[in-house]
Amino acid sequence: MIPGDKSISHRAVMFGSLAKGKTKITHFLEGADCLSTIDCFRAMGIEILRDGHTVYVNGNGLHGLKAPAHMLDVGNSGTTTRLISGILAGQNFKSELNGDASIQSRPMKRIITPLQMMGSNITSIHENNCAPLRIQPSQLHGIHYQSPVASAQVKSCILLAGLYAEGKTSVTEPVISRNHTEIMLKHFGADITSEGTTASILPDPILEAREINVPGDISSAAYFIAAGLLTPNSEILIRNVGINPTRDGILQVCKNMGADITLLNVRNEGEPTADLLVRTSSLHGTTVEGALIPTLIDEIPMIAVLAAFADGTTVIRDAAELKVKESDRIAVIVENLSRMGADIEGTDDGMIIHGGKQLHGAIIDSHLDHRIAMSFAVAGTLCDGDMEIINGECVNISYPQFYQDLYSLAN
Ligand code: S3P
């Protein structure tokens, strides 16, 4: 079974912490990123119990967090950093947060600017627009923010600060990003609406505990979709995968490449969910661009590998955001696919891959990026020769059982 969705698991803990009563979360992702979120809220006095994939969050309401005794540790998690900053901006206590070396180089100006516009006293401690961040108490007011990037982390940060601001807070994005915050906050009782690429929220709702069943993560399913499409004579049924339209671009791209994927048992369990039947397909190149990009941004490492095995040329553009993920994914994909013998060229906002070359095993540097490690592990099952992945254990961030699952499929 594909592990729970990372984005949704984070949000369930965060919103459950701000709601009154006991929120039960099932199929929670026990990846290191989501555990960082749990640790941060425990440090602010929230009782959170874990029983395998089931998590109970005993929320104290919107104003029930306590000042943490130490700097909050967000680990490797960009989602924790950016969403929690919006919540911290609304608290009447001072807080500081920091993470690992990757987090300390990721851009935070994108949240510092709108939070300061709302009246927040948030600063980058080393004045380099990165973590560590310091947030002092202040009275927030609502804004209408025109976001320069399509980023659910930025949008969610502002909407969460909006829970504590005077008046309405809105965010307009150039292209819609994943909308899990909007769906789940509404479910908890927030007054939140969406129209086109604008999401708006009103302050001071009474949030009430809910049950959240987390669907399987389509970003984790992507590795098995790719393995199923490229491994000769295979048919794989991947059960319980979230197919929210703001996240399902991987399915569209695979179809455009000629993939045989059937959606079965489509249902709505708070989030749209389905089982995916994937059969070996002969793939050809495609263009991945525009509004599709935010719907598959985390799947681009896997798509690049698919493209290298496909016939013809694949062009990926409008994806400059790849440079500021857990690694510079344009550079790292180009470096590693080149080592395997692929014909690939990086561009400012994506890459061009001429597929169908003979690929071979290589020493792959994950750059401690979980999605690079998993995409190239799949590539390793498909090419000749041995594949070695440096720091491959970083899959723990989003999919601790990944190698076991991949191995069990191959045997
Ligand atoms: C996430 C949003 C995306 C994604 C990340 C998780 C989220 O980042 O890449 O892995 O949970 O909101 P951006 O919204 O910044 O692109």
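Reading the values: rules and limits
Each chain carries its own residue numbering, running from 1 in the direction its sequence is written. Predicted model: local features are reported for residues with pLDDT of at least 70 only, side-chain atom pairs are reported and counted for 80 or more only, and whole-chain, interface and lining totals are derived from all residues. As a rule here, side-chain values cover all heavy atoms of the structure and leave hydrogens and water aside. Nine residue types can take part in a nonpolar core, namely buried Ala, Val, Leu, Ile, Met, Phe, Trp, Tyr and Cys, and a core is a set of them joined through side-chain atoms within 4.5 Å. Throughout, exposure labels follow a simple rule: accessible area from a 1.4 Å probe, protein chains only, divided by the maximum for the residue type, with under 20% read as buried, over 50% as exposed, and the rest as partly exposed. Under the DSSP-based scheme used, a helix requires at least four consecutive residues in state H or I and a strand at least two consecutive residues in state E, with every element numbered from the N terminus. Any two residues whose heavy atoms approach within 4.5 Å at even a single point are treated as in contact. Each aromatic pair joins two rings of Phe, Tyr and Trp (for Trp, the six-membered one) with centres within 6.5 Å, and gets the label stacked for planes under 30 degrees apart, edge-to-face for over 60, and tilted for any other angle. Residue proximity to a molecule or strand is established when one non-hydrogen atom of the residue lies within 4 Å of it. Think of a polar contact as two N or O atoms within 3.5 Å of one another; within protein, one of them needs to be a possible hydrogen donor and the other a possible acceptor, and neighboring residues in sequence only count if both atoms come from side chains. The accessible surface values rely on the Shrake-Rupley method and a 1.4 Å probe; as for residues, cover is taken only from the protein chains in view. Computed over the protein atoms alone on a 1 Å grid, cavities are sets of points where a 1.4 Å probe fits but cannot get out and pockets are open sets with protein on both sides within 12 Å along at least five of seven lines; a residue lines them when it has an atom within 4 Å of a point. Those molecules having more than half of their atoms within 2 Å of a cavity or pocket grid point set are described as sitting in that cavity or pocket. Three residue categories are used. Nonpolar comprises Ala, Val, Leu, Ile, Met, Phe, Trp, Tyr, Cys and Pro, charged comprises Asp, Glu, Lys and Arg, and polar comprises the others, including Gly.

### Considering the nonpolar core
Thinking step 1. Counting 69 residues, the largest nonpolar core has I238, I300, L337, M351 and F402 as its most contacted members.
Thinking step 2. The element that contributes the greatest number of residues to this core is helix α7 (residues 218-230), accounting for ten residues.
Thinking step 3. Ignoring anything within four residues of it in the chain, the contact list for I238 reads I2, A221, F224, I225, A274, D275, L276 and V278.
Thinking step 4. Among the nonpolar cores identified, the runner-up in size contains 64 residues, and L18, L83, I135 and A190 belong to it.

### Brief notes about the packing of aromatic side chains
Thinking step 1. Counted according to the given criterion, the structure contains six aromatic pairs.
Thinking step 2. Ring centres of Y223 and F402 lie 5.6 Å apart, and the angle between their planes is 75°; this geometry places the pair in the edge-to-face category. Of this pair, Y223 sits in helix α7 while F402 sits in helix α12 (residues 402-410), and the two are 179 residues apart along the sequence.
Thinking step 3. Centre to centre, the rings of F402 and Y403 are 5.4 Å apart; their planes meet at 70°, and the pair counts as edge-to-face.
Thinking step 4. Of the aromatic side chains, those joined through ring pairs into one cluster are Y223, F224, Y399, F402 and Y403.

### Observations concerning the environment of L62
Thinking step 1. If you trace the backbone, L62 turns up in the loop between β3 (54-60) and β4 (72-75).
Thinking step 2. Taking relative accessible area as the criterion, L62 reaches 6% and is therefore assigned buried.
Thinking step 3. Remark: the alpha-carbon pair of L62 and D100, spanning 38 residues in sequence, is separated by 28 Å.
Thinking step 4. Not counting chain neighbours up to four residues away, the residues in contact with L62 comprise L18, Q91, L163, Y164, D204, P205 and L207.

### Observations regarding the site of the ligand
Thinking step 1. Taken together, K6, S7, R11, T79, S151, A152, Q153, R178, I297, D298 and K325 make up the full set of residues adjacent to the ligand.
Thinking step 2. In this structure, Q153 approaches the ligand through a main-chain N or O atom, which is 3.2 Å from an oxygen atom.
Thinking step 3. Look at the ligand: alone it shows 380 Å² of surface, and the protein chains cover 95% of it.
Thinking step 4. More than half of the atoms of the ligand fall within 2 Å of the grid points belonging to the largest pocket.
Thinking step 5. When contributions to the shell around the ligand are tallied by element, the ones reaching two or more residues are α1 (6-18) and α5 (152-162).
Thinking step 6. Tallying contributions element by element places α1 first for the shell around the ligand, with three residues.
Thinking step 7. Grouping the constituent residues of the shell around the ligand by class yields two nonpolar, four polar and five charged.

Spatial relationships are all this shows, so hold off on functional conclusions.
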